[in-house]
Amino acid sequence: MADVYLIGAGPGDPGLLTVKGKHILETADIVVYDYLANDEFLSYAKPGAEIIYVGKKGGDHTLPQDKINELLVQRAKEGKSIARLKGGDPYVFGRGGEEAEELMEAGLTFEVVPGVTAGVAAPAYAGIPVTHRAHTTSVCFITGHEDPTKEKSGHNWAVYAQSESTLVFYMGVKNLPMIAENLISNGRDPKTPVALVRWGTRCTQESMVSDLENVAEEAARRGFKAPSIIVVGSVCSLHESLNWFEKRPMLGKGVVVTRAREQASGFAETLREQGACVHQFPTIKINPMEDCSEIRQALTEIDSYDWVIFTSVNGVRRFFAEVDAAGADSRIFGGRKIAAIGPATAEALVRRGLRPDFVPAKYVAEHVVSGLIERGVGEGCRILIPRAKVAREVLPEELRKAGAEVRILPVYETGLNEQGPEALEARLEAGEIDFVTFTSSSTVDNFFKLLPPETLKKYMPQVRLACIGPITAKTLESYGFSAGIQPEDYTIPGLAEALINA
Ligand code: SAH
């Protein structure tokens, strides 16, 4: 074990953190991170880990480098293991070398976990391979912003200009006119293609391709800002044909996900794969029952039921948490028949080694009942429904009408996830939100408890509202809004598809 790990966090796409980097993040006592490192990684930190932001954004240094070094040394000396997360690769214009030297001097041990550097990844996501046999035999990583305290520049513009090398500039946007001018005056062809990639690998990625003689003016005209990578060289001509990432249908579209955080990952992931910028605003909190004695008692007499019907993934999770706590396993179901109200719930059961006997084709209570009746549910049939404490009563009522004896077993409670709407409002105000999604009536009710309907009204109709099904849409209407987007199939994948089509 080292005292400090200098970890490359990659250029922004959360999938570009290394497996080793993630593992260390999960075990560290303290996580120290930068402006460019993706915030999402902080969720990997173990519960109780201390999280320290030392970000840098252009000139506004939250903590100057010597203070960062001091902090690392001091905290490591307390015996805490530190994950120092840095954007891209720690040793590529990341001052990781300086941090390592300080640690060495203080007698501390360190290890480096290299990261995916922006100079390779941002061009790759913009369809530009930094080397290509038909175009170049070398690539050069160059700072576009030299240490201002240096007496003599370390740049040899003649060498940069006269080779065919691909030149990759970091921190160069402000100095773009100077960079282009130096290359041209030292003999590089003014027609050499140049690409700028801003926020590379993120959902907000933008890129442009020009040539040396026009790029400075064009970038200024388009308001192209930092953080951007500048690529000079004929490989930039491949942008047009190899540009895979920017073709994603939802690239840059802001989508608010209001489901509980525990449930949001699948939906968020699908949207991200399509390029969307997902903003989690979990309106619901899932709490275990305060008193679990009723669940424990139900487990002991589960043999007396004919069917067990699960209505949500949370129901499955919380039910099995109690099965685990009782030291039991899936065998408690014995010969009981099992139903799942939708495919995600069914999958959660399959993961437990249980294949449901019935999954309805349409995912609303009314359809579940007819399917169950077809499968022999009727007079005298005993049914157990583990679910949320408060939920729609249609399913149990309809089953009772069919003659069944139904017992509802509350295995969790949902509550309002109390949080301020400030961050969401700021995004709405900045025009970063294109869609707000609702996946149940309670997400709608809770959303408007957190953000008043009048506030959302200000951003209509630019912001479009999407609902998973007709019941949720009706709840939304009761607040004076209409769901412009609704899937035919009332599932999360259905909702994701409807958003992509919209
Ligand atoms: N250690 C980092 C670089 C830090 S210097 C790495 O290896 O990637 C900061 C500069 O990196 C920025 O000014 C910008 O030029 C570049 N940069 C970092 N992330 C970027 C991104 N996602 N897209 C474009 N440029 C990025």
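Cut-offs used in this document
Residues numbered from 1 in each chain as written. Predicted model: local features only at pLDDT ≥ 70, side-chain atom pairs only at ≥ 80, totals over all residues. Heavy atoms only, no water. UniProt positions renumbered as here; feature names shortened; annotations may be inferred. Buried < 20%, exposed > 50% of the residue type's maximum accessible area, 1.4 Å probe, protein only. Helix = DSSP H or I, 4+ residues; strand = E, 2+ residues; numbered from the N terminus. Arc of directions from axis to C-beta. Contact = heavy atoms within 4.5 Å. Patch = residues over 30% accessible without salt bridge, like charges linked within 9 Å, V, L, I, M, F, W, Y side chains within 5 Å. Areas by Shrake-Rupley, 256 points an atom, 1.4 Å probe, with all protein chains shown as cover. Salt bridge = Lys/Arg side-chain N within 4 Å of Asp/Glu carboxyl O. Lys, Arg positive; Asp, Glu negative; His and termini not counted. Charge placed at Lys NZ, Arg CZ, Asp CG, Glu CD. Phe/Tyr/Trp six-rings, centres within 6.5 Å; stacked < 30°, edge-to-face > 60°. Pairing = 2+ DSSP bridges. Axes fitted to C-alpha atoms, helices over the stretch in contact; angles between N-to-C directions. Expected span 1.5 Å × (residues − 1). Near = heavy atom within 4 Å. Polar contact = N/O pair within 3.5 Å; in protein donor to acceptor, adjacent residues only side chain to side chain. Nonpolar A, V, L, I, M, F, W, Y, C, P; charged D, E, K, R; others polar. Domains from an automatic or database assignment. Right-handed = clockwise from strand over helix to strand, strands pointing away. Buried area = accessible area lost by both parts, 1.4 Å probe.

- In the nomenclature of an unreviewed UniProt entry, the chain is known as uroporphyrinogen-III C-methyltransferase of Desulfobaculum bizertense DSM 18034.
- In its Sequence similarities (unreviewed entry) section, UniProt records this for the chain: "Belongs to the precorrin methyltransferase family."

**Section: helix 18 (residues 470–477)**
Then step 1. Of the residues making up helix 18, those classed as buried are Thr472, Ala473, Thr475 and Leu476. When helix 18 is viewed along its axis, its buried side chains cluster within an angular range of 160 degrees and face the same direction.
Then step 2. Tucked into the core, helix 18 has its buried residues touching strand 20 (435–438), helix 16 (441–450) and strand 21 (464–467).

**A word on a negative patch on the surface**
Then step 1. Together, Asp66, Glu70, Glu101, Glu102 and Glu105 line one region of the surface with negative charge.
Then step 2. Where the negative patch is concerned, the elements lending two or more residues are helix 2 (65–77) and helix 3 (96–105).
Then step 3. The greatest single-element share of the negative patch, amounting to three residues, is contributed by helix 3.
Then step 4. Within the secondary structure, Glu70 sits in helix 2.

**Points about the packing of aromatic side chains**
Then step 1. Throughout the structure, instances matching the rule amount to 20 aromatic pairs.
Then step 2. Geometrically, the ring pair formed by Tyr33 and Tyr53 is tilted, given 5.1 Å between the ring centres and 50 degrees between the ring planes. Highlighted residues: Tyr33 in strand 2 (residues 30–33) and Tyr53 in strand 3 (residues 50–53), separated in sequence by 20 residues.
Then step 3. For Tyr33, a relative accessible area of 12% translates into the label buried.
Then step 4. Ring geometry for Trp244 and Phe245: centres 5.6 Å apart, planes at 70 degrees, overall edge-to-face.

**Describing the sheet that holds strand 12 (residues 228–232)**
Then step 1. Strand order in the open sheet formed by five strands is 8-9-12-10-11, and the pairing between neighbours is mixed. Two strands bound the open sheet, and with one partner strand each, they are strand 8 (139–143) and strand 11 (206–211). When the angles between neighbouring strand axes are averaged without regard to direction, this sheet yields 20 degrees.

**Regarding helix 2**
Then step 1. Helix length check: helix 2, at 13 residues, gives a terminal C-alpha distance of 18 Å against a target of 18 Å (1.5 Å per residue), a fit within 8%.
Then step 2. Positive backbone phi, approximately 90 degrees, marks Gly79, located one or two places after helix 2.

**Describing the site of the ligand**
Then step 1. The full set close to the ligand counts 18 residues, and Asp89, Val92, Thr117, Gly200 and Ser228 are the nearest of them.
Then step 2. A distance of 2.8 Å is found between an oxygen atom of the ligand and a backbone nitrogen or oxygen belonging to Met171.
Then step 3. Between the ligand and Ser228 there is a distance of 2.7 Å, counted from an oxygen atom to a backbone nitrogen or oxygen.
Then step 4. Compared with its free state, where it exposes 550 Å², the ligand has 91% of that area covered by protein.
Then step 5. Tallied by class, the residues present in the shell around the ligand amount to eleven nonpolar, six polar and one charged.
Then step 6. When residues of the shell around the ligand are assigned to domains, at least three map to each of domain 1 (4–115) and domain 2 (120–246).

**What to know about the pairing of strand 13 (residues 254–257)**
Then step 1. A two-sided burial pattern is seen for strand 13, the buried positions comprising Gly254 and Val256 on one face and Val255 and Val257 on the other.
Then step 2. Bridging between strand 13 and strand 14 (residues 277–280) involves four bridges; their strand directions are parallel. Bridge pairing in strand 14 links Val257 to Gln280.
Then step 3. A crossover connection joins strand 13 to the parallel strand 14 through helix 9 (residues 261–273); in handedness this β-α-β unit is right-handed.
Then step 4. Here strand 13 pairs with strand 20 via three bridges, running parallel. Residue pairing across strands places Val256 opposite Val436, the latter belonging to strand 20.

**Side note on the domain arrangement of the chain**
Then step 1. If you check the domain split of the chain, you get domain 1 (4–115), domain 2 (120–246), domain 3 (254–283 + 417–501) and domain 4 (288–415).
Then step 2. For domain 1 versus domain 2, the separation of C-alpha centres amounts to 27 Å.
Then step 3. Summed over both sides, the interface between domain 1 and domain 2 buries roughly 790 Å², with carbon and sulfur atoms accounting for 65% of that surface.
Then step 4. Applying the counting criterion to the domain 1 and domain 2 interface returns zero salt bridges.
Then step 5. Viewed at the interface, domain 2 and domain 1 are joined by two residue pairs in polar contact (both at pLDDT 80 or more).
Then step 6. By residue class, the composition of the side of domain 1 that touches domain 2 is six nonpolar, one polar and one charged.

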